[in-house]
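Geometric and topological summary
Below, each chain spelled out in residue letters.
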Amino acid sequence: MRKTDQCPRAKINATHCNCTYPCDRHGLCCECLHYHRQRGELPACYFTTEEEKTYNRSVEFFLQRRSGR
């Protein structure tokens, strides 16, 4: 059984997920958040569609884009 089959919100979450990177966490928000947090990153949902395409998940990139610098 896949993890997405075990999560009751996986299909709903997946419809709102803007991540284009192929991984096993798509639709599993709690696992995605945990994965990126361990790396000092933010998940794709924190970024615009254009920003997400860079695959830069750093907090610095997020803050830079929000500060207008």
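The coordinates are above.
Now for a description of the structure that goes with this document.

Conventions and cut-offs
Residues numbered from 1 in each chain as written. Predicted model: local features only at pLDDT ≥ 70, side-chain atom pairs only at ≥ 80, totals over all residues. Heavy atoms only, no water. Helix = DSSP H or I, 4+ residues; strand = E, 2+ residues; numbered from the N terminus. Buried < 20%, exposed > 50% of the residue type's maximum accessible area, 1.4 Å probe, protein only. Contact = heavy atoms within 4.5 Å. Areas by Shrake-Rupley, 256 points an atom, 1.4 Å probe, with all protein chains shown as cover. Lys, Arg positive; Asp, Glu negative; His and termini not counted. Charge placed at Lys NZ, Arg CZ, Asp CG, Glu CD. 1 Å grid on protein atoms, 1.4 Å probe; cavity = no way out; pocket = protein on both sides within 12 Å on 5 of 7 lines; lining within 4 Å. Points joined across faces, edges and corners; volume = space filled by probe spheres on them. Nonpolar A, V, L, I, M, F, W, Y, C, P; charged D, E, K, R; others polar. Polar contact = N/O pair within 3.5 Å; in protein donor to acceptor, adjacent residues only side chain to side chain.

Thoughts on the overall build of the chain
Along the chain, the regular secondary structure elements total five helices and zero strands. Each principal axis of the C-alpha atoms in the chain carries an extent, and together these give about 45 × 25 × 15 Å. Burial statistics for the chain: of 69 residues in total, 26% are counted as buried. The long-range fraction of contacts in the chain, counting pairs at least 24 apart against all pairs at least 6 apart in sequence, stands at 29%. On the chain, roughly 5400 Å² of surface is accessible, and the fraction owed to carbon and sulfur atoms is 53%. If the 12 positive side-chain charges of the chain are averaged to one point and the 8 negative ones to another, these points end up 3 Å apart.

Details of the layout of surface pockets
Estimates place the volume of the largest pocket at around 330 Å³. Lining the largest pocket are 21 residues; nearest its centre among them are Cys 19, Cys 32, His 36, Pro 43 and Ala 44. Where the lining of the largest pocket is concerned, the elements lending two or more residues are α2 (10-16) and α3 (29-38). Looking at the lining of the largest pocket element by element, the count peaks at five residues for α3. For the lining of the largest pocket, the residue count by class is 13 nonpolar, five polar and three charged.

Side note on the side chain of Glu 52
Take Glu 52: it is sitting in helix α4 (residues 49-52). Owing to a relative accessible area of 0%, Glu 52 belongs among the buried residues under this scheme. Setting aside residues no more than four positions away along its own chain, Glu 52 makes contact with Asn 18, Cys 19, Thr 20, Tyr 21, Ala 44, Phe 47 and Arg 57.

Some remarks on the environment of Tyr 55
By secondary structure assignment, the location of Tyr 55 is in the loop between α4 and α5 (59-67). Overall, the relative accessible area of 43% leaves Tyr 55 in the partly exposed class. As for Tyr 55 and His 16, which are separated by 39 residues in sequence, their C-alpha atoms are 18 Å apart. Excluding residues that lie within four positions of it along the chain, Tyr 55 makes contacts with Thr 20 and Tyr 21. Separated by 3.4 Å, the side chains of Tyr 55 and Thr 20 make a polar contact.

Examining the environment of Arg 39
Considering the arrangement of structural elements, one finds Arg 39 in the loop between α3 and α4. With a relative accessible area of 43%, Arg 39 lands in the partly exposed category. Sequence separation between Arg 39 and Ser 58 is 19 residues; the distance between their C-alpha atoms is 8.9 Å.

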